[in-house]
Amino acid sequence: DPEYPGTAVERLRNVHERVLSLSEEQLSGDWEEVRRLVLWAGGLRDLPTARPGQGYTGHSFNDANHCDLTTMLDEQSDNENEGRVEGIAFRNPLGAGIRIASDPELGPGGSWSTCMMGCNRDPPQDVAHVQFRSRVAFKLVWCPGSAENEEFSSFVLVDDEGNLLNRGTPTGTLPDIRDRMMNYQFVMGSKYASACEARTE
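Residues numbered from 1 in each chain as written. Predicted model: local features only at pLDDT ≥ 70, side-chain atom pairs only at ≥ 80, totals over all residues. Heavy atoms only, no water.

Draft legend 1. Just helix α1 (residues 9-21), in detail. With 13 residues, α1 should cover 18 Å at 1.5 Å per step; its first-to-last C-alpha distance of 19 Å lies within 8% of that length. The set of residues buried in α1 consists of Arg 11, Leu 12, Val 15, His 16, Arg 18 and Val 19. Mapping the buried residues of α1 onto a view down its axis gives an arc of 165°, with all of them on the same face. In α1, those exposed residues whose orientation departs by more than 90 degrees from the buried face are Arg 13, Glu 17 and Leu 20. Its buried side turned inward, α1 meets α2 (31-42), β1 (68-72), β2 (110-114), β3 (136-143), β4 (154-158) and β5 (164-168). (Helix = DSSP H or I, 4+ residues; strand = E, 2+ residues; numbered from the N terminus. Expected span 1.5 Å × (residues − 1). Buried < 20%, exposed > 50% of the residue type's maximum accessible area, 1.4 Å probe, protein only. Arc of directions from axis to C-beta. Contact = heavy atoms within 4.5 Å.)

Right, dumping it as structure tokens:
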């Protein structure tokens, strides 16, 4: 990928295949099961009891920010932020956790749920594109509802260009409403909001 040379391209394509293999019905079940399916699609293991930095994925897609599924080449996984992404820890070392949590079946490289903060700029100034020099395989975005339903109860999965890959309306205990609203605020005004905007038109 000449524009983002840190992208694990084969892995990204395999992630897309997994995302597209899921039905909207599957992505509309209980949130904990839906989140596990999203992790599986992205090539990440469900490791809710691991230590942070050692493969812990309990936060992945469970808050406002850690909602980018990034597929990066092995040599990029130890890249540190070095202050390049605003609002992110100066070092932000993720390499060990990426290696532990990544499913090797999807191909070379690793997967991680990176921070989407900064993705509404053009070009995106988030962890995937800046720290790892990689495209996102998909981004999970919680969408505002219609005028009668502003509960941010449905999400879309969009690719690096903002194209819709899949969607769901899960049940059960969702991430906090403030996280879901802030998640959408991170993409407002960008190509990544387009799939949500199309739902409400």
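Draft legend 2. Structural detail: unusual backbone geometry. A cis amide bond links Asp 122 with the next residue in sequence, Pro 123, at an omega value of 0°. Positive phi, close to 65°, is recorded for Phe 61, a residue that is not glycine. A residue is classified by how much of its surface remains accessible, and Phe 61, at 0% relative accessible area, is buried. Positioned with a positive phi, Arg 133 is a non-glycine residue whose angle comes to about 55°. Tracing the backbone shows Arg 133 in the loop between α4 (127-131) and β3. With a relative accessible area of 41%, Arg 133 lands in the partly exposed category.

Draft legend 3. Quick look at the pairing of β2. Counting buried residues along β2, 5 of its 5 residues qualify, which places the element largely inside the surrounding structure. By the alternation rule, side chains of β2 split into Gly 110, Trp 112 and Thr 114 and Ser 111 and Ser 113, which are all buried. Where β1 lies against β2, 5 bridges are found, and the strand directions are antiparallel. Bridge pairing in β2 places Leu 69 opposite Ser 113. (Pairing = 2+ DSSP bridges.)

Draft legend 4. Here's a closer look at the packing of aromatic side chains. One pass over the structure, following the stated rule, counts 5 aromatic pairs. Their ring planes at 25° and their centres at 5.8 Å tell us that Phe 61 and Phe 138 sit as a pair that is stacked. Taken as a pair, Phe 61 in the loop between α2 and β1 and Phe 138 in strand β3 lie far apart in primary sequence, 77 residues in all. In terms of burial, Phe 61 and Phe 138 fall into one category: buried. Ring centres of Trp 142 and Phe 155 lie 5.5 Å apart, and the angle between their planes is 70°; on these two criteria the pair is classed as edge-to-face. One end of the pair, Trp 142, is in strand β3; the other, Phe 155, is in strand β4, and 13 residues separate them in sequence. Assessed through its relative accessible area of 0%, Phe 155 is described here as buried. The ring centre of Tyr 192 lies 4.3 Å from the NZ or CZ of Lys 139, which sits over that ring. Above the ring of Trp 142, the side-chain terminus of Arg 180 is found at 5.8 Å from the ring centroid. (Phe/Tyr/Trp six-rings, centres within 6.5 Å; stacked < 30°, edge-to-face > 60°. Lys NZ or Arg CZ within 6 Å of the ring centre and 35° of its normal.)

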